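# Examination of the molecular architecture
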Amino acid sequence: MQARRVLSHLRMGQPLTSDDARWMVEALSAGDLSDAQAGAFAMGICHTPLSMEARTALTRAMRDSGDVLTWDLPGPVLDKHSTGGVGDCISLILAPALAACGAYVPMISGRGLGHTGGTLDKLEAIPGYRVEVSADRLRQVTQDVGCAIVGPNADIAPADKRLYAVRDVTGTVESVDLITASILSKKLAAGLEALVLDVKLGNGAFMTTREEAQMLARSLVETANAAGCRATALITDMSQPLATAAGNALEVIEVMETLTRSGVTHALWELTCALGGQVLHAADLVLTPEQGADEVSTALSSGAAAETFGRMVSALGGPADFVDRWRDRLPAAPVIRQIRPPRAGFVAGLDTRAIGEVVVGLGGGRLREGDRINPAVGLSQIAGLGEEVSQDRPLAQLHAASEAEADRAENAVLRAYRIGDVPLDPPTLILGSVYP
Ligand code: URA
């Protein structure tokens, strides 16, 4: 009866109360809500936005539907979450860099979603790396190494798992309230003291307007703080891939080049430092975000972050010599070809979502749940906005499993680019910030 009452109220546009939000999540976890009721609940929230109190109650209840980790460590427990994009491999650099700064980072990450890549899929390109570990192992590796990037186990926010599956098939993923509760329930279950959110904006992100990105960033920051986790957000550009590679092993290569300073990608370095600076500041480890960014930069340039990454890989089942031998350890695709532009000029437009879809189409992402990923495929040396391209400077290098797949992908990449006659300034990487 209670579910029918709550759903009727939502249908009539009456605001959800905090008590009702808690009751619905408990019923969801206990199996007392049918999928139809869970779908109606999600649809009701899409039509009747939540108050701050109700959104926080929903988030807390979803967090508390499973295990919530607690820590007793000599440094703060921190994390970062990105709303997802193409070539966004920051987590692999930032987690060890924060650990090298004295923080602890139990990073519970996700897989690729739609056209965007997933941190877990990237790490699984490293032979032997295990993302599915118990809470005890996550705890142990975080304590010993300083960071552990793993997947959520069944005991982390199970109510979100159930609701997310229902949202996925009822057209209710795109609700700021539901996205906020979903993302934060899992992050807060890791027992974080501070969190930085990287809200992506642009044609390769889920948020394509500044208003949407701002609204999501504000919702995430306010709700996390109300739930007891100090959080800030940066709104960052996703009008082109963040790294110059998109694809699982190819992004790990770029991560290793940046961590070992053998081929630093400027955008990866800059954003890692900016996000790290924010979260170190939120945790009161530094006086300003800029000072925090300097500390992260030092952790990268000293090699301490690379060394920590190597220890994490080894602790989670990957090769013990990965930092020295990563070039030999990562899989390579059998077909590699240059994609040359139709004419010389400057990159005037780039459909970043289409670039992400090319990687998925090559087998680097999933079309259906449970699809196997080919870690070797994707694009590297992707020309960015404003860059000059010619027969000598191709649009990208393509890595495919077969010539036929390479042909299909090459055509799609050519369609994703617009070539102009005049150079343009590259886009600004950090577009805004949101503080509590
Ligand atoms: N990622 C999540 O974990 N949940 C959402 O609702 C959207 C993105």
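Because the structure is predicted, anything quoted here is derived from the model rather than measured. Per chain, residue numbering runs from 1 following the sequence as it is written. Local features in a predicted model are, by the rule used here, given only for residues with pLDDT of at least 70; side-chain atom pairs are given and counted only at 80 or more, and totals for whole chains, interfaces and linings are based on all residues. The side-chain values count all of the structure's non-hydrogen atoms but skip hydrogen atoms and water molecules.

We describe a pair of aromatic rings using the distance from one ring centre to the other and the angle between the two ring planes. Here is the rule: rings of Phe, Tyr and Trp (six-membered ring for Trp) pair when centre to centre is within 6.5 Å. Planes less than 30 degrees apart are stacked, more than 60 are edge-to-face, and the remainder are tilted. Per the counting criterion, the structure on display carries one aromatic pair. Considering the side-chain rings of Phe309 and Phe322, the 6.5 Å spacing of their centres and the 50 degrees angle between planes classify their relative orientation as tilted. Note that Phe309 is positioned in helix 14 (residues 304-315) and Phe322 in helix 15 (residues 322-329), a separation of 13 residues in sequence. Just as Phe309 is buried, Phe322 falls in that class too. Its end group placed over the ring of Trp71, Arg139 keeps NZ or CZ at 5.4 Å from the ring centre. Lysine NZ or arginine CZ positioned within 6 Å of the ring centre and within 35 degrees of the ring normal marks a charge as sitting over the ring. Over the ring of Tyr164 we find Lys186; its NZ or CZ atom is 6.0 Å from the centre of that ring. Think of it this way: any DSSP run of H or I at least four residues long counts as a helix, any run of E at least two long counts as a strand, and we number them from the N terminus. The rule is simple: take the accessible area with a 1.4 Å probe, protein chains only, and divide by the maximum for that residue type; under 20% is buried, over 50% is exposed, in between is partly exposed.

With that settled, the discussion passes to the site of the ligand. Here a residue counts as near a molecule or strand whenever at least one of its heavy atoms sits within 4 Å of it. Inspection of the region around the ligand gives Tyr164, Arg167, Ile179, Ser182, Ile183 and Lys186 as its neighbouring residues. Contacts described as polar in this section are N or O atom pairs within 3.5 Å, which, within protein, must combine one atom able to donate a hydrogen with one able to accept it, while residues neighboring in sequence count only if both atoms come from side chains. The contact in question runs from an oxygen atom of the ligand to an N or O atom on the side chain of Lys186, over 2.5 Å. Expressed as a share of its isolated accessible area of 240 Å², the protein-covered part of the ligand is 82%. Of all the secondary structure elements, the ones that give two or more residues to the shell around the ligand are helix 8 (158-170) and helix 9 (176-188). The element best represented in the shell around the ligand is helix 9, accounting for four residues. For this scheme, ten residues count as nonpolar: Ala, Val, Leu, Ile, Met, Phe, Trp, Tyr, Cys and Pro. Four count as charged, namely Asp, Glu, Lys and Arg, and the remainder, Gly too, count as polar. Taken together, the residues that form the shell around the ligand break down as three nonpolar, one polar and two charged. Note on areas: Shrake-Rupley with a 1.4 Å probe; residue coverage comes only from the protein chains shown.

Burial within strand 7 (residues 345-350) is extensive, with five of its six residues counted as buried. Any two strands with at least two DSSP bridges between them are considered paired. Sheet topology note: the strand 7/strand 9 (residues 388-389) ladder contains two bridges and is antiparallel. Bridge pairing in strand 9 places Gly345 opposite Val389. Where strand 7 and strand 11 (residues 417-420) come together, four bridges link them in antiparallel fashion. From the neighbouring strand, Val347 faces strand 11, where its bridge partner is Ile419.

This part is about the nonpolar core. With 126 residues, the main nonpolar core has Phe309 and Tyr417 as its most contacted residues. Ranked by residue count, the leading element in this core is helix 12 (residues 266-282), at 10 residues. Start and end positions for the domains come from either an automated domain assignment or a database one. Counting contributing residues per domain, this core is built from domain 2 (78-325) and domain 3 (335-420), each supplying no fewer than three. Contacts were defined at the residue level, with two residues in contact if any of their heavy atoms lie within 4.5 Å. Not counting residues within four places of it along the chain, the set of residues in contact with Phe309 comprises Leu92, Pro96, Leu123, Ile126, Met256, Leu259 and Phe322. Of all hydrophobic cores here, the second largest spans 26 residues; its members include Leu16, Ala57, Leu58 and Ala181. We call a set of buried Ala, Val, Leu, Ile, Met, Phe, Trp, Tyr and Cys residues a nonpolar core when their side-chain atoms join them within 4.5 Å.

Given the number of residues in a helix, its expected span is that number minus one, multiplied by 1.5 Å. Given a rise of 1.5 Å per residue, 12 residues ought to cover 16 Å, and the 16 Å separating the end C-alpha atoms of helix 4 (residues 52-63) matches this to within 8%. The buried fraction of helix 4 amounts to nine of the 12 residues, a majority that puts the element mostly inside the structure. All of the buried residues in helix 4 are Ala54, Arg55, Thr56, Ala57, Leu58, Thr59, Ala61, Met62 and Arg63. Where helix 4 is buried, its residues meet helix 2 (18-30), helix 3 (35-47), helix 8, helix 9 and helix 10 (210-226).

To continue, consider the pattern of salt bridges. Whenever Lys or Arg places a side-chain nitrogen within 4 Å of a carboxyl oxygen from Asp or Glu, that contact is recorded as a salt bridge. Applying the stated criterion across every chain, the model contains 27 salt bridges. Across the pair Glu132 and Arg111 runs a salt bridge, and its minimum N-O distance is 3.8 Å. One end of the pair, Glu132, is in the loop between helix 6 (119-123) and helix 7 (135-145); the other, Arg111, is in the loop between strand 2 (105-108) and helix 6, with 21 residues separating them in the sequence. Residues joined by salt bridges that share partners form a network here, namely Arg111, Asp121, Glu124, Glu132 and Arg366.

Before going further, it helps to spend a moment on the sheet that holds strand 5 (residues 230-237). Spatially, the four strands line up as an open sheet ordered 1-4-5-12, and their pairing is mixed. The sheet is open, and its two edges are formed by strand 1 (78-82) and strand 12 (430-434), each paired on a single side. The average undirected angle you get between the axes of adjacent strands in this sheet is 20 degrees. With four bridges connecting them, strand 5 and strand 12 associate as antiparallel partners. Bridge pairing in strand 12 places Ala233 opposite Val434. Angular values range over 0 to 180 degrees, each being the angle between N-to-C directions of two axes fitted as lines to C-alpha atoms, with helices fitted over their stretch in contact.

Let us look at the domain arrangement of the protein. A common measure of how large an interface is: the accessible area buried when the components associate. Looking at the assigned domains, one finds that the protein contains domain 1 (2-48), domain 2 (78-325) and domain 3 (335-420). Averaged C-alpha coordinates put domain 1 and domain 3 at centres separated by 43 Å.

Turning our attention to the state of the cysteines. Working definition: a disulfide is two cysteine sulfur atoms within 2.5 Å of each other. Within this structure, the stated rule accounts for zero disulfides. Cysteine Cys89 remains unbridged, with the sulfur of Cys273 as its closest cysteine sulfur at 14 Å. The cysteine Cys273 is free of any disulfide, with Cys101 supplying the nearest cysteine sulfur at 9.0 Å.

This brings us to unusual backbone geometry. The phi torsion at Arg261 lies on the positive side, around 60 degrees, for a residue other than glycine. Relative to the helices and strands, Arg261 is located in the loop between helix 11 (248-259) and helix 12. By relative accessible area, Arg261 is classed as partly exposed at 38%. Unlike most non-glycine residues, Asp284 shows phi in positive territory, near 65 degrees. Structurally, Asp284 is set in the loop between helix 12 and helix 13 (289-301). A relative accessible area of 58% means that Asp284 is categorised as exposed.

The end-to-end C-alpha separation of helix 10 is 24 Å, in line with the 24 Å expected for 17 residues at 1.5 Å each. Here helix 10 has its buried residues at Ala213, Leu216, Ala217, Ser219, Leu220, Val221, Thr223 and Ala224. Gly228 lies just past helix 10 and shows a positive phi near 95 degrees.

Counting through the fold element by element, Glu307 comes out in helix 14. Its relative accessible area of 46% is what places Glu307 among the partly exposed residues. Linking Glu307 and Leu259, residues 48 residues apart in sequence, is a C-alpha distance of 8.9 Å.

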